[in-house]
Amino acid sequence: RISGYCEEVRVFLRRYYEAARRTGVVLEGRIPNPDEQNLAYYEEIMGREFRMEPGFITGSLQKWLPRMNGLQREHVSSALFDTLTDMRRAGKNDHMLKNAYIKFMCWLYYKFERIVNRLGEEEVPKILYEGSVSTYELKMLSILAKAGSDLVLLQQGGDQEYRKQDPSSALSCALELPGLSAFPEGFGIRAIRKEMERQWSRERLYGGAPDISGCTNAWMEGT
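Residues numbered from 1 in each chain as written. Predicted model: local features only at pLDDT ≥ 70, side-chain atom pairs only at ≥ 80, totals over all residues. Heavy atoms only, no water.

K.L.:
Please set out the packing of helix α4 (residues 70-89) against helix α5 (residues 94-110) residue by residue, giving values where relevant.
P.N.:
Running from N to C, α4 and α5 cross one another at 150°; their axes reach a closest spacing of 10 Å. The angle between α4 and α5 places the two elements in the roughly antiparallel class. In the packing of α4 onto α5, the handedness of the crossing is right-handed. Contacts between α4 and α5 pair V76, L80, T83, L84, M87 and R88 from the former with D94, L97, A100, Y101, F104, M105 and L108 from the latter. (Axes fitted to C-alpha atoms, helices over the stretch in contact; angles between N-to-C directions. Helix = DSSP H or I, 4+ residues; strand = E, 2+ residues; numbered from the N terminus. Parallel < 35°, antiparallel > 145°, perpendicular 65-115°, else oblique. Left-handed = near helix turned anticlockwise from the far one by under 90°. Contact = heavy atoms within 4.5 Å.)

K.L.:
Lay out unusual backbone geometry in plain terms, naming residues and giving numbers.
P.N.:
Despite not being glycine, S169 has its phi angle at roughly 55°, a positive value. Residue S169 is classed as partly exposed on the basis of its relative accessible area of 22%. (Buried < 20%, exposed > 50% of the residue type's maximum accessible area, 1.4 Å probe, protein only.)

K.L.:
An account of the pairing of strand β1 (residues 25-28) is requested, with residue identities and associated values reported.
P.N.:
Burial of the side chains of β1 is restricted to one face: V25 and L27 are buried, whereas none of V26 and E28 on the reverse face is. Bridging between β1 and strand β2 (residues 126-130) involves four bridges; their strand directions are parallel. The residue bridging V26 from the neighbouring strand is L128, located in β2. (Pairing = 2+ DSSP bridges.)

K.L.:
Please give an account of α5 that cites residues and values.
P.N.:
An ideal rise of 1.5 Å per residue puts 24 Å on 17 residues; α5 measures up with 24 Å between its terminal C-alpha atoms. Among the residues making up α5, those that are buried are L97, A100, Y101, I102, K103, F104, M105, C106, W107 and L108. One side-chain oxygen of the residue at the start of α5 lies 3.1 Å from the amide nitrogen of H95, identifying that residue as N93. (Expected span 1.5 Å × (residues − 1). Polar contact = N/O pair within 3.5 Å; in protein donor to acceptor, adjacent residues only side chain to side chain.)

K.L.:
Quick one: what's the story with the nonpolar core, residue by residue and with numbers?
P.N.:
Where a protein is soluble and globular, its nonpolar side chains tend to be buried together. Formed by 42 residues in total, the largest nonpolar core has its most connected members in L84, Y101, F104, L108 and F112. For this core, the secondary-structure elements that each account for two or more residues are β1, α2 (36-46), α3 (54-64), α4, α5, α6 (113-116), β2 and α7 (135-147). The contacts of Y101, once residues within four sequence positions are left out, are Y42, F50, F56, I57, S60, L80 and L84. Formed by 16 residues, the second largest nonpolar core is a distinct cluster that contains Y5, L128, V152 and F187. (Core = buried A, V, L, I, M, F, W, Y, C linked by side-chain atoms within 4.5 Å.)

Rendered as C-alpha cells:
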C-alpha cells in the first residue's frame, strides 16, 4: 500500500496503472454492493444454498465462474474459505457468513471476472485500488492476492484508516522509501490517466520518440 509521494512513486504508479488498465482491474473508489438485479441473477443460477465447506465453495465456483481452471478454483476457494473461517472466529454468525459469501461471489463475477482465469499465471493480473478501502473490500482483495494477483492500494489520505482494519499489517505491507511526502493536490488515478492521454495525443500527432539521436561535435575513430 502506498501512502506517500515521491518521483519514484509517480513513475511506478504510472507504469502499474497502465498494466492494470491493460490486463487487470482499476478501482477508483468503493466497489458497489451487489444490487437487486445482481442478487436475483445469482439466486437464479446458484440458488440459496450455502455451506461452510471447501468442496461446496469449489463446486460453486466451477458453476459460477467456469472460465477458471482447476488450480485457480482451488486457490480462490481456499482463500475464500480461510477468510470466512476468520470471520466466524471473530464472532460472525452463519447468516452473516452467507451474506458475505454471496457478496464476494457477486464481486468476483461482476468486478473481477476478467482476471479470474489469469490468476497465478506467468503474467500476474494487476489490481489498482484508489481510496480508503472498506473492511469487506479488503477481504475481497486479500482473497484475490492470495489466489495469485498483484495488488496496490493507493491511499492519498494516509495510512490511518487502513490501520484501523489491519493494525499489524497482516494483509498488506506499507511502501517505505526515503523522502516520501504528502501527495500533491489532485494527484491520483484520474491525474495519471490525463497525463498519459496527453502523451498518447502527442505521439499520434508527432510520432514517438526517435530511436536514433543525433551526435554533433564528436570525433570518429577507427574505419
